[in-house]
Amino acid sequence: MKHAISDLLEILDLEVLEHNLFRGRSPQVGWQRVFGGQVIGQALVAATRTVEPQRNVHSLHAYFLLPGDPKVPIIYEVDRIRDGRSFTTRRVVAIQHGQAIFSMSASFHVHEPGLVHQVRMPDVSGPEDLPSDEEIKARVLPLMPDPVRAYFERERPIELKPVEFRRYMSREPMEPRFNVWIRATGRLPDDPAIHQCVLAYASDMTLLDTSLVAHGRTVFERTIQAASLDHALWFHRPFRADEWLLYSQDSPSAGDARGFSRGLIFSRHGELVASVAQEGLIRPRDDLA
């Protein structure tokens, strides 16, 4: 697993081509398209490198325009829209084959004191109370469908411990909620910007799948055409992405072949560190049944 997090840090370490111009690569793992979280993370890296160090990203809003080609590099062009006294705004466009495949706006803010409140973290099983990797491989994975088992067997930079993991073993419709503990599989540098970029990467991993819980389906089924359409992420408090974070997700609505999902991300100690919202394509392909 440590090799996977090392590879992720290399992927997030963009090459500088010119002023406001960066180049990123994709892991060569046989995927047909670039993982959406990778593009979000790399675009955030590009934007962050044009901002003063004392300003941290507090929100980003992104649109996926075309599937990314993992065989060729991605060019990230940063537009320095505004540098204000308290806020900095950047726009990033990801380009492949001469076309924009992704666009993102991000806002950065200096630290300021102010009013504080947050919602309470859901009362769910902790990561140590869930099956260990060894137990999952021995007891749970053999019961899962082949695509789900292959996903959880694959070496990944982000460790996942789903609380409601039994949803992957049946097609029973459930309440559209999904909780999963997440963390990087290796120690990360102390730079807070790296932890924000890694969490941006991870925030796209399970959110779209939550919109299928109510229908007893998953994104792993070949009869579901799934793709992220847009993605919004807000950072509220400091955190470490290499420590356990609870990603508590729900899906208030689905219709017109689109599913809408939200997520609240809490530290192990109950601090709300980030919020996420996403709409994605969840088009049934009954012709492949």
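Throughout what follows, the structure given in this document is the object of discussion. All of these numbers come straight from a predicted model, not from anything done at the bench.

## Observations concerning the overall build of the chain
- What the chain contains, in helices and strands, is six helices and twelve strands.
- The C-alpha radius of gyration computed for the chain amounts to 19 Å, which stays within 12% of the reference 19 Å derived for 289 residues, consistent with globular compactness.
- Expressed along its principal axes, the backbone C-alpha trace of the chain runs to roughly 55 × 45 × 40 Å.
- Relative to its full complement of 289 residues, the chain shows a buried share of 51%.
- Intrachain contacts of the chain at a sequence separation of at least 6 include 71% that bridge at least 24 residues.
- Accessible surface computed for the chain: about 14,700 Å², of which carbon and sulfur atoms make up 51%.
- The averaged location of the 38 negative side-chain charges in the chain is 1 Å from the averaged location of its 34 positive side-chain charges.

## Re the pairing of strand E5 (residues 87-96)
- The two faces of E5 differ: Thr88, Arg90, Val92, Ala94 and Gln96 on one face are buried, but Phe87, Thr89, Arg91, Val93 and Ile95 on the other face are not.
- Bridge analysis of strand E4 (residues 74-83) against E5 gives eight bridges, and the strand direction is antiparallel. What sits directly across from Ile75, in E5, is Ile95.
- Taking the residues that link successive antiparallel strands as the turn, the E4-E5 hairpin has three residues.
- In terms of strand pairing, E5 meets strand E6 (residues 99-109) through ten bridges, oriented antiparallel.

## Some thoughts on the side chain of Ser59
- Here Ser59 shows up in strand E3 (residues 56-64).
- For Ser59, a relative accessible area of 6% puts it in the buried group.
- Contact partners of Ser59, with chain neighbours within four places excluded, come to Ser105, Ala106, Ser107, Leu233 and Trp234.

## A closer look at helix H2 (residues 36-48)
- Helix length check: H2, at 13 residues, gives a terminal C-alpha distance of 18 Å against a target of 18 Å (1.5 Å per residue), a fit within 8%.
- Here H2 has its buried residues at Gly36, Gly37, Gln38, Val39, Ile40, Gly41, Gln42, Ala43, Leu44, Val45, Ala46 and Ala47.

## Here's the deal with the packing of aromatic side chains
- Summed over all chains, the structure comprises three aromatic pairs.
- Aromatic pair Phe35 and Tyr201: ring centres 5.1 Å apart, planes at 75°, arrangement edge-to-face. Note that Phe35 is positioned in the loop between strand E2 (21-24) and H2 and Tyr201 in helix H5 (residues 192-202), a separation of 166 residues in sequence. We note that Phe35, like Tyr201, is buried.
- The lysine or arginine in question, Arg268, covers the ring of Trp181, its NZ or CZ lying 5.6 Å from the ring centre.

## Quick notes on the sheet that holds strand E9 (residues 224-235)
- The twelve strands lie next to each other as E1-E2-E4-E5-E6-E3-E9-E12-E11-E10-E8-E7, forming an open sheet whose pairing is antiparallel. Of all the strands in the sheet, the pair left with one neighbour each is strand E1 (15-18) and strand E7 (158-162). Ignoring strand direction, the axes of neighbouring strands in this sheet form an average angle of 25°.
- Here E7 pairs with strand E8 (residues 177-184) via five bridges, running antiparallel. If you follow Glu159 over to E8, its bridge partner there is Arg183.

## Quick notes on H5
- Of all eleven residues that make up H5, nine are buried, and the element is covered over most of its length.
- For H5, the N-terminal cap is Asp191; the gap from its side-chain oxygen to the backbone nitrogen of Ala193 is 3.1 Å.

## A short note on the side chain of Ser26
- With respect to the element layout, Ser26 can be found in the loop between E2 and H2.
- Those residues within four positions of Ser26 in sequence are excluded, and the remaining contacts are Val34, Gln38, Pro70 and Ile74.

## Focus: the pattern of salt bridges
- Inspection of the entire model under this criterion finds 19 salt bridges.
- Between Asp83 and Arg90 there is a salt bridge whose closest N-O contact spans 3.0 Å.
- By relative accessible area, Asp83 is classed as exposed at 51%.
- We classify Arg90 as buried; its relative accessible area is 1%.
- With its nearest N and O atoms 2.7 Å apart, the salt bridge here joins Glu221 to Arg217.
- Bridged by salt links that share partners, the residues Glu175, Arg177, Asp250 and Arg262 form one connected network.

The rules behind each value
- Residues numbered from 1 in each chain as written.
- Predicted model: local features only at pLDDT ≥ 70, side-chain atom pairs only at ≥ 80, totals over all residues.
- Heavy atoms only, no water.
- Helix = DSSP H or I, 4+ residues; strand = E, 2+ residues; numbered from the N terminus.
- Rg over C-alpha atoms; globule rule 2.2 N^0.38 Å.
- Buried < 20%, exposed > 50% of the residue type's maximum accessible area, 1.4 Å probe, protein only.
- Contact = heavy atoms within 4.5 Å.
- Areas by Shrake-Rupley, 256 points an atom, 1.4 Å probe, with all protein chains shown as cover.
- Lys, Arg positive; Asp, Glu negative; His and termini not counted.
- Charge placed at Lys NZ, Arg CZ, Asp CG, Glu CD.
- Pairing = 2+ DSSP bridges.
- Expected span 1.5 Å × (residues − 1).
- Phe/Tyr/Trp six-rings, centres within 6.5 Å; stacked < 30°, edge-to-face > 60°.
- Lys NZ or Arg CZ within 6 Å of the ring centre and 35° of its normal.
- Axes fitted to C-alpha atoms, helices over the stretch in contact; angles between N-to-C directions.
- Polar contact = N/O pair within 3.5 Å; in protein donor to acceptor, adjacent residues only side chain to side chain.
- Salt bridge = Lys/Arg side-chain N within 4 Å of Asp/Glu carboxyl O.

Nothing here speaks to function; it is geometry throughout.
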